[in-house]
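Below are the chains, spelled out letter by letter.
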Amino acid sequence: MRVALVFDGLGFGGIERVGIHYVRLFQKMGYEIDIYNLKPDCRELEKEFPKDCRIIRRRMPDLIIPDRYMLAVKRWRWGKYLYPLLYAGSSALMYLYRLFAGKRERYDIAVAFAGHFRDLTFVANHFILSDKKLCWLHGALMEYLASSCTYGDLYRKIKNLCVLSVDRQESALFANQYLYGLNIRQLYNPIPTEPETLDEALRQELKEKYGDYLLMVGRFETDKDQKTVIAARKILQERYQKTPKLIFVGGGSTLEDCRAYAKELGLEEEVIFMGARYDVANFYTTAYISLHSSPAEGLPTVLLEAMKYGVPVVATDSPPGVTEILKNDRYGLRCGVADAEDMAEKINLLLEDEKKREYYIAQGRKRLSDFSYGTIEKKLREIIEGLL
């Protein structure tokens, strides 16, 4: 069976890392995999994909994606008058672009994996040919429809959806009854349970240099809110007299702003920015507590990676993903979104109570079994067999 996984770029990011796991899982199931990168300039993680899958770079310009223009209606009053013209014009450009894009390959299944307008449009509008289509929603259906109602039009063309959470799904379908009849299945992201190769020299250096440090892994973008973590570290020092180092692993557009914020709070020596790294396992295995601060998340893989390496989690209660994973503090501690004081309090609880910290380490490892390759493979086979 031939499967195409289509991505809206392959830079550093959680969706892309999840995609690597799914490629390995599909290959384990015996499928032949091609990877489509629709933003060829964004390809930092291409080399992380298995060598025996083919990576095809196919540029998909924003200009020819009709459904993006609904943003004009939401942003400007006059957008509702301009939208029909923009939609019609971009649709014509899209079909012309597809016509002259060259030969289209055929697959048994085409998967819009990023769940963004670019890859959904590519799959829904037959830029590649396939017997069945499938798209991944890295969150709940409600979230996507709330961000843009035009997602629903693309979902109807694709017919089959995988969601990470069914939070408020019935409400979403009731409010958008034209979507009834879609084949919607819930599926968690797989996490390999076998340990990765570690750099012992680096691990030793991290332990000696930073001690029992706090860790956050993630892109530096406005939707990750690292400033709340930095503010929590300041409160931890002033209110609780705790001074662990705080290490960030990741790169992105807000990194320099966060670096300046740490300096403004007098924490330039306490907060360490490591930039984007491929060897994050070395940081997880030497960290004392893993932190997460996004205001909203689908199903944050970084929480599962921390659990895999025996690191307890403190995370903002970002709907729907963090709630889905931590299950009302059963598998980790949640704090309020953008609430640095609450985060500092939860961090301090784990710093002061070693028994509670060990409890959450054990609970995290237990939770990980729900995301194992074996568990997800079984469900994925059922989903593939039931594709419309």
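Residues numbered from 1 in each chain as written. Predicted model: local features only at pLDDT ≥ 70, side-chain atom pairs only at ≥ 80, totals over all residues. Heavy atoms only, no water.

Colleague: Even after reading the chapter, I still don't get the overall build of the chain, so can you show me in this structure?
Modeller: Counting secondary structure elements, the chain contains 16 helices and 13 strands. By the compact-globule yardstick of 21 Å for 388 residues, the chain fits well, its C-alpha radius of gyration being 22 Å. Looking at the chain residue by residue over its 388 residues, the buried ones come to 56%. The contacts in the chain between residues at least 6 apart in sequence include a share of 70% that link residues at least 24 apart. Total accessible area on the chain is roughly 17,100 Å²; 50% of this is exposed by carbon and sulfur atoms. Averaging the coordinates of the 57 positive side-chain charges in the chain and doing the same for the 54 negative ones gives two points 5 Å apart. (Helix = DSSP H or I, 4+ residues; strand = E, 2+ residues; numbered from the N terminus. Rg over C-alpha atoms; globule rule 2.2 N^0.38 Å. Buried < 20%, exposed > 50% of the residue type's maximum accessible area, 1.4 Å probe, protein only. Contact = heavy atoms within 4.5 Å. Areas by Shrake-Rupley, 256 points an atom, 1.4 Å probe, with all protein chains shown as cover. Lys, Arg positive; Asp, Glu negative; His and termini not counted. Charge placed at Lys NZ, Arg CZ, Asp CG, Glu CD.)

Colleague: Explain the environment of Arg77 to me, please; I cannot follow it from the model alone.
Modeller: Among the secondary structure elements, Arg77 is positioned in the loop between helix H2 (70–75) and helix H3 (79–99). Considering only alpha carbons, one finds Arg77 and Arg98, 21 residues apart in sequence, at a separation of 32 Å.

Colleague: Can you walk me through the pattern of salt bridges in this structure?
Modeller: Side chains carrying opposite charge are able to pair once their charged atoms draw close together. The tally for this structure, following the rule as stated, stands at 33 salt bridges. Ionic pairing is found between Arg54 and Glu105, a salt bridge with its closest N-O pair at 2.9 Å. Here the residue Arg54 occupies a position in strand S3 (residues 54–57), and Glu105 occupies one in the loop between H3 and strand S4 (106–112), the gap between them amounting to 51 residues. We classify Glu105 as partly exposed; its relative accessible area is 23%. In the salt-bridge network here, residues are joined through shared partners; they are Arg2, Glu32, Asp34, Arg54 and Glu105. (Salt bridge = Lys/Arg side-chain N within 4 Å of Asp/Glu carboxyl O.)

Colleague: Sorry, what's going on with the sheet that holds S4 here?
Modeller: Within a sheet, neighbouring strands are paired by backbone hydrogen bonds and run either parallel or antiparallel to one another. Strands sit in the order S3-S2-S1-S4-S5-S6-S7 across an open sheet of 7 strands; the sheet is parallel. Bordering the open sheet on either side are S3 and strand S7 (183–186), each of which pairs with just one other strand. With strand direction ignored, the average angle separating the axes of adjacent strands in the sheet is 25 degrees. Relative to S3, strand S2 (residues 32–37) is paired through 4 bridges, and the arrangement is parallel. When the sheet's bridge partners are listed, Asn37 is paired in S3 with Arg57. Strands strand S1 (2–7), S2, S4 and strand S5 (129–140) of the sheet are contacted by helix H4 (residues 117–124), whose axis makes an angle of about 155 degrees with S4. (Pairing = 2+ DSSP bridges. Axes fitted to C-alpha atoms, helices over the stretch in contact; angles between N-to-C directions.)

Colleague: For this particular structure, what's the right way to read the sheet that holds strand S9 (residues 246–249)?
Modeller: Read from one edge of the open sheet, 6 strands run S10-S9-S8-S11-S12-S13, paired in parallel fashion. The open sheet is flanked by strand S10 (271–273) and strand S13 (333–335), the only strands paired with a single partner. Taking the axes of each pair of neighbouring strands and ignoring which way they run, one obtains an average angle of 25 degrees across the sheet. With 3 bridges connecting them, S9 and S10 associate as parallel partners. Note on S10: the bridge partner recorded for Leu246 is Val271.

Colleague: So what exactly am I meant to see when it comes to the state of the cysteines here?
Modeller: Think of a disulfide as a covalent bridge from one cysteine sulfur atom to another cysteine sulfur atom. Under the counting rule described, the total for this entry stands at 0 disulfides. Sulfur of Cys258: no disulfide; nearest cysteine sulfur belongs to Cys335 and is 16 Å away. (Disulfide = S-S within 2.5 Å.)

Colleague: I would appreciate a short explanation of the packing of aromatic side chains in the present structure.
Modeller: Aromatic ring pairs: the centre-centre distance and the angle between the two ring planes describe each pair. Evaluation of the coordinates by the stated rule reveals 23 aromatic pairs. Taken together, a centroid distance of 4.9 Å and an interplanar angle of 65 degrees make the contact between Tyr22 and Trp136 edge-to-face. Of this pair, Tyr22 sits in helix H1 (residues 14–28) while Trp136 sits in strand S5, and the two are 114 residues apart along the sequence. Taking the relative accessible area as the measure of exposure, Trp136 reaches 0% and is therefore buried. Here Phe220 and Phe273 contribute two aromatic rings whose centre-to-centre distance is 5.9 Å and whose plane-to-plane angle is 50 degrees, an arrangement assigned as tilted. Here the residue Phe220 occupies a position in the loop between strand S8 (214–217) and helix H9 (226–240), and Phe273 occupies one in strand S10, the gap between them amounting to 53 residues. (Phe/Tyr/Trp six-rings, centres within 6.5 Å; stacked < 30°, edge-to-face > 60°.)

Colleague: Teacher, can you tell me more about the packing of H9 against helix H14 (residues 340–352) here?
Modeller: Running from amino to carboxyl end, H9 crosses H14 at an angle of 60 degrees, the nearest separation of the two axes being 8 Å. With respect to each other, H9 and H14 are oriented oblique. The handedness of the crossing between H9 and H14 comes out as right-handed. Contact residues: H9 offers Thr228, Val229, Ala231, Ala232, Ile235, Leu236, Arg239 and Tyr240, while H14 offers Ala340, Glu341, Met343, Ala344, Glu345, Ile347, Asn348 and Leu351. (Parallel < 35°, antiparallel > 145°, perpendicular 65-115°, else oblique. Left-handed = near helix turned anticlockwise from the far one by under 90°.)

Colleague: Looking at this structure, I do not really get the side chain of Asn282. What am I missing?
Modeller: Among the secondary structure elements, Asn282 is positioned in helix H11 (residues 280–284). At 2.7 Å, the side chain of Asn282 forms a polar contact with the backbone nitrogen of Asp199. Excluding anything up to four places from it in sequence, Asn282 contacts Leu198, Asp199, Leu202, Arg203, Leu206 and Tyr213. (Polar contact = N/O pair within 3.5 Å; in protein donor to acceptor, adjacent residues only side chain to side chain.)

Colleague: Would you explain H3 in this entry?
Modeller: Helical periodicity: at 3.6 residues per turn, an α-helix aligns residues three or four positions apart in one direction. Between its terminal C-alpha atoms H3 stretches 29 Å, which fits the 30 Å expected from 21 residues at 1.5 Å a residue. Of all the residues in H3, the buried ones are Gly79, Tyr83, Ser90, Ser91, Met94 and Arg98. Elements that come into contact with the buried residues of H3 comprise H2 and H4. (Expected span 1.5 Å × (residues − 1).)

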